[in-house]
Every structure is written in C-alpha cells, then in structure tokens.
Amino acid sequence: MKAVSQDVLGGPDVLHTIDLPRPVPGPTEVLVRVHAAGLNPTDWKHRATGGLLGEPPFVLGWDVSGVVEEAGAGSVIYKPGDEVFGMLRYPFGHGSFAEYVTAPARTFAPKPAVLDHVQAAGVPLAGLTAWQALVDVARVRDGGEVLVHAAAGGVGHLAVQIAKARGAYVYGTASAAKHDFLRHLGVDEVIDYRSTDFTTVCDGLDAVVDTIGGDYGPRSLTVLRPGGVLVSLVRTLEAAGLREQAAALGVRVESMLAEPDLSALKSLAALIEAGRLRVAVAAVFPLDELGKAMELGESGRTTGKIVLTVP
Ligand SMILES: NC(=O)c1ccc[n+]([C@@H]2O[C@H](COP(=O)([O-])OP(=O)(O)OC[C@H]3O[C@@H](n4cnc5c(N)ncnc54)[C@H](OP(=O)(O)O)[C@@H]3O)[C@@H](O)[C@H]2O)c1
C-alpha cells in the first residue's frame, strides 16, 4: 500500500510517499481502507519534533474515515463494506496517512450517513477532544457558561456546538472575520481576541477550553467561578505552575489528551445525524500533497478542518 512517511524530522519537505506491506488485522481488529484522513496540529508537531513518538521513520495521521476491508479473528461488530470513522489510539496508534490501517474494531463507529468520508474524517480527533473536555472533564450542563478559545479552529468549532447542544451559554474567541461563522455555530458572545481582552468580558464561568497556551492559561483561571475548571489541551500544567495558581483561586485545572472512545464517537455521530453538529472543512488535499496541507495548517489560521483524501 501507499503511505506518506518520513525518515528524518523537519519541515514538510521531509515527507515522501513509500510502499509498505498492507497491514493484517489481528484478533479483535479491523482492516480499514482509508478514504479520507483528517489533519491535526499534532501531525505537523510530530513531523517537526518527533514529539511523543521519538525518531522516525513513521507514518503520521490519527483521523480516519473509510470502509472495513477485513475483520480480524473474533471481531464481530463490523463486516467488510461497513463505512466507519474513528481516531486511532493517541499517540502510538498513528498511521492514517496511508491506504490502509488496522486498529481495534471499537476504535471506530459507523460513519454518519449524512457525511461523506471527507467530512467524517474531520470529526474524530477534534470532536473527541471537544467532547472529552466539555462532557467528561468539565461536565458542562444546561445553564452552564463556557469559554472556548480558538473557537473557529478544528477543536473549537466542534466544541462550541457541543457546548450549545448541552444547553450552555457559550463565549468564543476568534479574529473578527470569523465572527459570522461563530454566530452560525450558535456562539452566544463572540470575542475578537485581537482587540478585546477576554478577561474583561467573561467572569464566573463554569469552564474554559484552552487551545492556545502561553499566558492564556493563567488568565483563563481568573474568569472561572469557584470550582470551575480550565481544560488545557496544550501545556504541561506542572511546568506552568498552573496547578498552584488554580488552587490559590479555588478553581480546577486539567491537562487532557484525547482518547479513542466508542461511546463518545457515537454521541458525536448522533448529534451530527440530528443536525446539531456540523463539521466545517476548510480545505481538501490528496494524500501525496500532505506537505502542502500541513503548510496551510501551520499558518494557524484555519477555519474548521483540513482533510486528506486517499485515492
Ligand atoms: N490535548 C489534546 O488532546 C488535543 C487535541 C486536539 C488539539 N489539541 C491542540 O489544541 C490546539 C488547537 O487545535 P486545533 O486543531 O483546533 O487547531 P487549528 O484548527 O489549527 O486552530 C486554528 C484556529 O486557531 C485560531 N487562533 C489562533 N490564535 C488564536 C488566539 N490567540 N485566540 C483565538 N483564536 C486563535 C485561529 O483563528 P484566527 O485566524 O481568528 O486567529 C484558527 O481558526 C493545538 O495546539 C493542538 O495541538 C490538543
């Protein structure tokens, strides 16, 4: 099978297409023919730094939408031909920038029929991150108040819709050109982070989702109600001293990494089928242009998701 790999760390030009043996599904696994693979910031961070994976060679990619080709021994929930989508286990299950992947069958949920593979591939990692941050960690519920930083980004645009679907009042930050997009998603108060300090607008919130880092962490702590929670997706808390600052303010802070989660993925699919969760696809590239796709993503200005198609 074709896959996009790298032998050294570096810029987009280290990526190249190679031939690899088609993987064989082990017991309880399925082999999935990848039709589309979502791109996430962690892909270009790993390409450049090795991150949690260390030294290449490796094939990156965690998001998949595709068709089950073969079920391994004892795997009964899917049969060949089933359309599925999912997030490969983070970090070590990577490899969706390829024609085929294998993974435990319950990594995948049935692809929502209302989405094509390109749209579906944009959902799992960003959607599970948003779901796990808001539902599992922050336990956002009816009447809660939530701030989502980078609300127009891959994680953010799904997070604001999930928070709305759970009955929350939602604040979202983005540059002014993206405010109409945020309002369409249901954001109650949009904040232009370039002209307005969010700490002057938000106060007494139940939760903040931080996708930015830097001084956003300490500043976000100050807009929480007592017992409120900052869910940090981007930093090591201990290094930033955030736990001590949170304790002093009587608020909580959690650092979270998204995990495959069949039940949450089915919940996302149900919201999608019900028309309550939309995925915005900013750009689509063929897999052999992964480097170009990453260059666009690394600009940091994407609205929604970038997706690779795997012909
Ligand atoms: N821990 C986890 O499990 C996990 C999972 C997923 C992602 N993440 C991390 O979360 C971060 C976001 O991921 P993503 O996929 O959402 O990224 P993304 O789609 O690349 O985010 C792009 C968006 O960020 C916005 N943005 C940039 N700087 C901003 C600022 N200062 N204030 C408000 N918005 C700003 C941009 O809007 P403008 O053009 O308006 O600036 C753009 O819409 C990444 O660092 C990623 O690695 C962590």
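The model shown is predicted, which means the values in this text are computed figures rather than measured ones. (Residues numbered from 1 in each chain as written. Predicted model: local features only at pLDDT ≥ 70, side-chain atom pairs only at ≥ 80, totals over all residues. Heavy atoms only, no water.)

Student: Help me get a handle on unusual backbone geometry, residues and values and all.
Tutor: Backbone torsion omega between P56 and P57 reads 15°, so that peptide bond is classified as cis. In this fold, P57 is placed in the loop between α1 (41–49) and β4 (63–71). With an omega of 0°, the peptide bond running from Y90 to P91 counts as cis. Positive phi values are uncommon outside glycine, yet T28 reaches one of about 70°. Considering the arrangement of structural elements, one finds T28 in the loop between β2 (16–19) and β3 (29–39). (Helix = DSSP H or I, 4+ residues; strand = E, 2+ residues; numbered from the N terminus.)

Student: Outline the domain arrangement of the protein chain, supporting the account with residue identities and numerical values.
Tutor: Per the domain assignment, the segments of the protein chain are domain 1 (2–123 + 279–309) and domain 2 (126–255). Computed from C-alpha coordinates alone, the two centres of domain 1 and domain 2 are separated by 27 Å. In this complex, domain 1 contributes 11 residues to the contact, which on the side of domain 2 involves 12 residues. In total, about 830 Å² of surface goes out of reach between domain 1 and domain 2, with carbon and sulfur atoms giving 52% of it. Of all residues in domain 1, V123, R301 and T303 bury the most surface against domain 2, accounting for 43% of the area lost on that side. On inspection of domain 1 and its partner domain 2, the count reaches 6 residue pairs in polar contact (both at pLDDT 80 or more). Per-class residue counts for the side of domain 1 that touches domain 2 are 4 nonpolar, 5 polar and 2 charged. (Domains from an automatic or database assignment. Contact = heavy atoms within 4.5 Å. Buried area = accessible area lost by both parts, 1.4 Å probe. Polar contact = N/O pair within 3.5 Å; in protein donor to acceptor, adjacent residues only side chain to side chain. Nonpolar A, V, L, I, M, F, W, Y, C, P; charged D, E, K, R; others polar.)

Student: Now, about the site of the ligand: what can you tell me, with residues and values included?
Tutor: Near the ligand lie 27 residues; those nearest to it are S175, K178, Y193, M256 and T302. Here L233 contributes a backbone N or O atom positioned 3.1 Å from a nitrogen atom of the ligand. The backbone of M256 places a nitrogen or oxygen atom 2.6 Å from a nitrogen atom of the ligand. When isolated, the ligand has an accessible area of 930 Å², and the protein chains bury 88% of it. A majority-of-atoms criterion places the ligand in the largest pocket. Contributions of two or more residues to the shell around the ligand are made by α1, α3 (124–137), α4 (154–165) and β9 (169–174). In the shell around the ligand, the residues fall into 14 nonpolar, 9 polar and 4 charged. Shared between two domains, the shell around the ligand takes at least three residues from each, and those domains are domain 1 (2–123 + 279–309) and domain 2 (126–255). (Near = heavy atom within 4 Å. Areas by Shrake-Rupley, 256 points an atom, 1.4 Å probe, with all protein chains shown as cover. 1 Å grid on protein atoms, 1.4 Å probe; cavity = no way out; pocket = protein on both sides within 12 Å on 5 of 7 lines; lining within 4 Å. Sits in = over half its atoms within 2 Å of the grid points.)

Student: Describe α1, with residues and values.
Tutor: Within α1, burial applies to T42, D43, W44, H46 and R47. Check the buried side of α1 and you find it contacts β3 and α10 (290–298). Once α1 ends, the next one or two residues include G50, with phi positive near 85°. (Buried < 20%, exposed > 50% of the residue type's maximum accessible area, 1.4 Å probe, protein only.)

Student: Quick rundown of the environment of L88? Include the residues and the values.
Tutor: Within the fold, L88 resides in the loop between β5 (83–87) and β6 (100–104). Judged by its relative accessible area of 1%, L88 is buried. Through-space distance from the C-alpha of L88 to that of F108 is 8.5 Å; in sequence the pair is 20 residues apart.

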